[in-house]
Amino acid sequence: MDERKYAQVVVERPVRNGGVFTYAVPPALVETVVPGVRVAVPLGAQVVTGFVLDVSADCPPGIKTREIIRVLEGKPIPAALLTLAGWLSSRYLCTLLDALAAVSGPAPKGGRRRETEWLWPRGDAGEILAAIEELKAPAQARALSVLAAQPGMTRQALMREAGVSASVVAALIRKGLVISEKVSRRREPYEDVALDPTPPPLLTPEQEGAFSEIDKAIAAGRPEIFFLHGVTGSGKTEVYLRAVAAALSAGRQAIVLVPEIALAHQMVLQFKARFGNQVAVTHSALVPAERHDAWERVRAGEAGVVLGARSAVFAPTARLGLIVVDEEHEPAYKQEQSPRYHAREVALARARLEGAVAVLGSATPALESVARCLSGRYRQLRLSSRVDGRPMPAVRVVDLREEFRAGTVSLFSNFLVARVREKIRQREQVLLFLNRKGFAAFVLCQACGHVIRCPNCDIALSYHRPDTLFCHYCYYRARYRPRCPRCGDERLGWFGAGTQRVEEEARALFPEARIARMDAETTARRGSHAALLDAFKRGEIDILIGTQMIAKGLDVPGVTLVGVLNADTTLLLPDFRAAERTFQLLYQVAGRAGRGPLPGEVVIQSHCPEHYAVRYSARQDFFSFARRELALRQRFGYPPYAALVRVVFSGETEEKVVREATAFGAAAREIVGGEEVLGPAPCPFGKLKGFYRWHIILKGKSGRAVRDACREVLTSFLCRRGSGVRLSVDVDPVSIL
DNA sequence: AGCACGCCGACT
DNA sequence: GTCGGCGTGCTC
Ligand SMILES: [Zn+2]
Ligand SMILES: [Zn+2]
């Protein structure tokens, strides 16, 4: 009988049908063609690669199949991750191919592991001396004698020391007078962290209570979702460590996600000290081949713990028992290219599919998480007191409107200047924090703090020349008048000072202080970021000025004052999460003060001190903030009470982009039922690398409903091929820039 | 995405 | 008459 096997293959071509084709498996490949392997297959006139989804004995009728050419190297994607890829493509409306590529981890080939090359002179001292004498080329002779004096140099060092060019060294190697030895530097970062033999610290009663719940679920193999809501310094990490230990002793593996591995230095050290080489760190500093090695250690079960950024959620753990998502509210968990997944959501889906326990942690939960705690989907565990028993820092909000009326033109209020001077006198350290500059012109009344918002969307309107204000969500437009609608003042500003200007002002105001600035410009050189932080920690800098990047993970005991120069700029972002982002940022910044023995102090400068995000963050009152914010989300129809899908159109000709976006909008309005179609409107970054960008936002009651509606529109809608307009879909967008 | 097929305008 | 524009459809 016909024993032929057929494989369903997703080809690496953006084909309309989703790219799934049926191929015959040649007898020689029956053993190796299994679900999850990559294969080379013929497609039309060419050979393309693809992923095998499934292998079976039957073939859909009425098609002439061709044979798989060969199986590519690399381990197959495990079944659970293949299922997860299917989930990803339907949850995030991406192609199955993009989902499979994400799930398949780092490529097995493509780049060598890093090697260090050492150069040695050939032979004993006599032979080398003879060779130097015989050499006709003086540069080569010089290089060889330099190397003889100091054997074991790198190529760069030899070139530098001998003052010769690369060709000189190459000639010596070619002649066999110099031996090149390449040593693979298979150094895992943090490899040299010693296991800490001391027993883990005792848990506080709160930590104990939280851990025992998680422990019970792990021991029982009950796939629960826990939300660990713990204030700054309440010891969430120790709870994660205990939970991971519990999973390991139950014979299962654990994945621990952090927003940015480069900023999780302390946490990596703690995990390495506790679990040693059982931890695989998927560090972004690894070259692809090294990432692949780490992945294989996980697959083989050598590593029981995976610690990494969002892509670590796809680690090929065979026996997953626990997934931890630390700082679950962080926007860094959102992948901003297809598949545009949120690692927290993927983690929950994976935990469900593989029967693992999930632990999400934050001091300032995403409002989606608050809603899920309230609905009972997450079990909430609270850590409400600091492990060290220190009080939260005292926060003082300075009203910039009063400063404005009093004629202050400086970025520093009089109060902040006085506090900084006091700290400098006492030889304590100061952190000055500047919110990132607004990306577009936004309108804020300098006199009363009023912000003009969209009546439909509650989103801050942005100004466009010569006299238009518009909403980036629904494209509501209004005429701009340089006159505040609330107080009538004519000084509507769009301010946006850079760190450079802050530094200049600070030098003028505090001439006796040692001041440093940390931003993209000053930390462009590799390692200078760490060097600057080290200098600050050693007390060689009195005032450190920086943007968002210094708010994360900075732990300097000498800092007793944190100043936020402009608390409001995040409130002006065209984003329904603007208030949430502001609250999170201010809360986090405040946590940077008073981490040492001296009490901390925080000064927040704001044009809208009465705004609830500013007010409640000053009191570190998350629950009051959440209550207010949830009410607004409900009123204006935003997550967690609604779901959004954003469709971005981009191309080199704006008219064509607008035409396609408008056509999509019309098709969408035709098809959808209860969902709203907002726009098209220009994206906040309306032109990026020569591409004009417009977007449409679909809004609906449930995620399922909006996704279904969007999927339906997408099946009937195609950008005209000649238009050169590309379309990309973002389900649950985090940033709409 | 590629590539072929096909149907109209302006060239040797 | 044919060379070539790109709109349309298909690839297991
Ligand atoms: Zn005003
Ligand atoms: Zn609007």
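Values in this document were obtained by computation on a predicted structure and should not be read as measured data.

## Considerations on the protein's contact with DNA strand B
So, point 1. Residues in close proximity to DNA strand B include Arg 13, Pro 14, Gln 46 and Arg 721, which together make up its full environment.
So, point 2. Across the atoms of DNA strand B situated within 4 Å of the protein, the share located in sugar and phosphate is 55%.
So, point 3. The separation between a phosphate oxygen of DNA strand B and a polar side-chain atom of Arg 13 is 3.3 Å.
So, point 4. Within the side chain of Arg 721, one N or O atom sits 3.2 Å away from a base oxygen of DNA strand B.
So, point 5. Among the residues making up the surface near DNA strand B, the classes are represented as one nonpolar, one polar and two charged.

## Overview of the confidence of the model for chain A
So, point 1. Across chain A, pLDDT averages 90, with 95% of residues at or above 70.
So, point 2. Predicted complex, confidence summary: ipTM 0.90, pTM 0.89.

## Notes on the sheet that holds strand S5 (residues 70–71)
So, point 1. Reading across the sheet, the five strands line up as S2-S1-S4-S3-S5 and stay open at both edges, with antiparallel pairing between neighbours. Where the open sheet ends on each side, the last strands, each with one partner, are strand S2 (20–25) and S5.
So, point 2. When strand S3 (residues 38–43) meets S5, the two strands line up antiparallel, connected through two bridges. In the sheet register, Ala 40 faces S5, and the bridge partner there is Arg 70.
So, point 3. Against the sheet, helix H2 (residues 96–103) engages strand S1 (5–11), S2 and strand S4 (46–56), with an angle of about 80° to S4.

## A few points about the protein's contact with DNA strand C
So, point 1. Surrounding DNA strand C, one finds Val 15, Phe 21, Thr 22, Tyr 23, Pro 42, Leu 43, Gly 44, Ile 63, Lys 64, Thr 65, Arg 66 and Arg 721.
So, point 2. Taking all atoms of DNA strand C within 4 Å of the protein, the share assigned to sugar and phosphate is 33%.
So, point 3. Residue Arg 66 places a main-chain N or O atom 2.7 Å away from a sugar or linking oxygen belonging to DNA strand C.
So, point 4. A distance of 2.5 Å separates a base nitrogen of DNA strand C from a polar side-chain atom of Arg 721.
So, point 5. Of all the elements in the fold, those that place two or more residues in the surface near DNA strand C are S2 and S3.
So, point 6. Here the residues of the surface near DNA strand C sort into six nonpolar, three polar and three charged.

## Regarding the coordination of the zinc ion (ligand 2)
So, point 1. The protein atoms that coordinate the zinc ion (ligand 2) are Cys 454 (SG), Cys 457 (SG), Cys 471 (SG) and Cys 474 (SG), at distances spanning 2.3 Å.
So, point 2. Angles of 104 to 113° at the metal separate the four donor atoms of the zinc ion (ligand 2), which places the site in the tetrahedral class.
So, point 3. Sequence positions of the donors to the zinc ion (ligand 2) reduce to the motif C-x2-C-x13-C-x2-C. Residues Cys 454 and Cys 457 agree in their burial class; the two are buried.

## Here's the deal with the sheet that holds strand S19 (residues 468–470)
So, point 1. Ordered in space as S18-S19-S20, the three strands form an open sheet in which the pairing is antiparallel. Unpaired on one side and paired on the other, strand S18 (462–464) and strand S20 (477–479) mark the two borders of the sheet. With strand direction ignored, the average angle separating the axes of adjacent strands in the sheet is 30°.

## Some points on the coordination of the zinc ion (ligand 1)
So, point 1. Within the protein, the atoms that donate to the zinc ion (ligand 1) are Cys 445 (SG), Cys 448 (SG), Cys 484 (SG) and Cys 487 (SG), at distances of 2.2 to 2.4 Å.
So, point 2. Each of the four donor atoms around the zinc ion (ligand 1) contributes to a set of angles spanning 104 to 114°, which defines the coordination as tetrahedral.
So, point 3. Within one chain, the residues donating to the zinc ion (ligand 1) are spaced in sequence as C-x2-C-x35-C-x2-C. Each member of the pair Cys 445 and Cys 448 is classed as buried.

## Examining unusual backbone geometry
So, point 1. The omega torsion across Ser 338 and Pro 339 is 0°, close enough to zero to call that bond cis.
So, point 2. Tracing the sequence through the fold places Pro 339 in the loop between strand S12 (320–326) and helix H11 (343–354).
So, point 3. Across the junction of Gly 679 and Pro 680, the peptide omega takes the value 10°, indicating a cis bond.
So, point 4. In this structure, Pro 680 sits in strand S27 (residues 676–688).
So, point 5. In this structure, Arg 427 is a non-glycine residue whose phi angle is positive, near 60°.
So, point 6. Take Arg 427: it is sitting in the loop between helix H14 (414–425) and strand S16 (429–433).
So, point 7. If you check the backbone angles, Asp 732 has positive phi at about 55° while not being a glycine.
So, point 8. Here Asp 732 lies in the segment after strand S29 (726–731).
So, point 9. Residue class for Asp 732 comes out partly exposed when judged on its relative accessible area of 27%.

Conventions we followed
Residues numbered from 1 in each chain as written. Chains lettered and ligands numbered in written order. Predicted model: local features only at pLDDT ≥ 70, side-chain atom pairs only at ≥ 80, totals over all residues. Heavy atoms only, no water. Near = heavy atom within 4 Å. Polar contact = N/O pair within 3.5 Å; in protein donor to acceptor, adjacent residues only side chain to side chain. Nonpolar A, V, L, I, M, F, W, Y, C, P; charged D, E, K, R; others polar. pLDDT = per-residue confidence, 0-100. Pairing = 2+ DSSP bridges. Helix = DSSP H or I, 4+ residues; strand = E, 2+ residues; numbered from the N terminus. Contact = heavy atoms within 4.5 Å. Axes fitted to C-alpha atoms, helices over the stretch in contact; angles between N-to-C directions. Donors = N, O, S within 2.8 Å, 3.2 Å for Na, K, Ca; no water. Tetrahedral: all angles 85-135°; square planar, octahedral: opposite > 155°, others 65-115°. Buried < 20%, exposed > 50% of the residue type's maximum accessible area, 1.4 Å probe, protein only.

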